[in-house]
Amino acid sequence: VEELARLMREREELARRVEDEWQKWCVASGYAETLRVMKRAELIDGESFALVVTNPKLAHPVKMQLRAIEADRVTDPAW
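Residues numbered from 1 in each chain as written. Predicted model: local features only at pLDDT ≥ 70, side-chain atom pairs only at ≥ 80, totals over all residues. Heavy atoms only, no water.

## Considerations on the overall build of the protein
Link 1 in the chain: What the protein contains, in helices and strands, is two helices and two strands.
Link 2 in the chain: The secondary structure elements of the protein, listed N-terminal to C-terminal, are α-α-β-β.
Link 3 in the chain: Projected onto its principal axes, the C-alpha positions of the protein cover 65 × 30 × 25 Å.
Link 4 in the chain: A burial count over the protein gives 14% of its 79 residues as buried.
Link 5 in the chain: Considering only residue pairs separated by 6 or more positions, the protein has 38% of its internal contacts joining residues 24 or more positions apart. (Helix = DSSP H or I, 4+ residues; strand = E, 2+ residues; numbered from the N terminus. Buried < 20%, exposed > 50% of the residue type's maximum accessible area, 1.4 Å probe, protein only. Contact = heavy atoms within 4.5 Å.)

In structure tokens form, the structure reads like this:
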């Protein structure tokens, strides 16, 4: 029973650490603002697109960032 309680505490602590790091990355990368821009574009244009890019200037160990792009920049090359 004590072992199970210890494992549950460790699991909860790990979950908190993951959520804290996610929150820090979201703030550092401007994730919420990118999602707002994409939602606005979807309402206006009917669709939205983003690229997953590497941003070495990001103030977080994870250098991944979403970059919203204009829908008119996405085309079918055969068209």
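Picking up after the structure, the text goes on.
## Examining helix 1 (residues 2–29)
Link 1 in the chain: The terminal C-alpha atoms of helix 1, which comprises 28 residues, lie 40 Å apart, in line with the 40 Å expected from a rise of 1.5 Å per residue.
Link 2 in the chain: Within the span of helix 1, buried status applies to W25, C26 and S29.
Link 3 in the chain: On its buried face, helix 1 is in contact with helix 2 (31–45) and strand 2 (64–69).
Link 4 in the chain: Trailing helix 1 by a residue or two, G30 shows a phi angle of about 70 degrees, which is positive. (Expected span 1.5 Å × (residues − 1).)

## Side note on the pattern of salt bridges
Link 1 in the chain: Counted according to the given criterion, the structure contains six salt bridges.
Link 2 in the chain: Put simply, R16 and E13 hold a salt bridge, and the shortest N to O gap is 3.3 Å. Of the two residues, R16 and E13 are both situated in helix 1; the distance of three residues between them amounts to about one turn of the helix.
Link 3 in the chain: Look at R16 and you get partly exposed, because its relative accessible area is 43%.
Link 4 in the chain: For K39, the salt bridge is made with E42, and the minimal N-O distance between the two is 3.6 Å. (Salt bridge = Lys/Arg side-chain N within 4 Å of Asp/Glu carboxyl O.)

## Points about the packing of aromatic side chains
Link 1 in the chain: Inspection of the entire model under this criterion finds three aromatic pairs.
Link 2 in the chain: Aromatic side chains W22 and W25 sit 5.3 Å apart centroid to centroid with 35 degrees between the ring planes, which places their arrangement in the tilted category. Linking W22 with W25, this pair stays in helix 1, spanning three residues, or about one helical turn.
Link 3 in the chain: When its relative accessible area of 47% is taken as the criterion, W22 is described as partly exposed.
Link 4 in the chain: Look at W22 and Y31: their rings are 5.6 Å apart centre to centre, the planes differ by 75 degrees, and that puts the pair in the edge-to-face class.
Link 5 in the chain: Here a set of aromatic residues connected by ring pairs shows up, and it is made of W22, W25 and Y31. (Phe/Tyr/Trp six-rings, centres within 6.5 Å; stacked < 30°, edge-to-face > 60°.)

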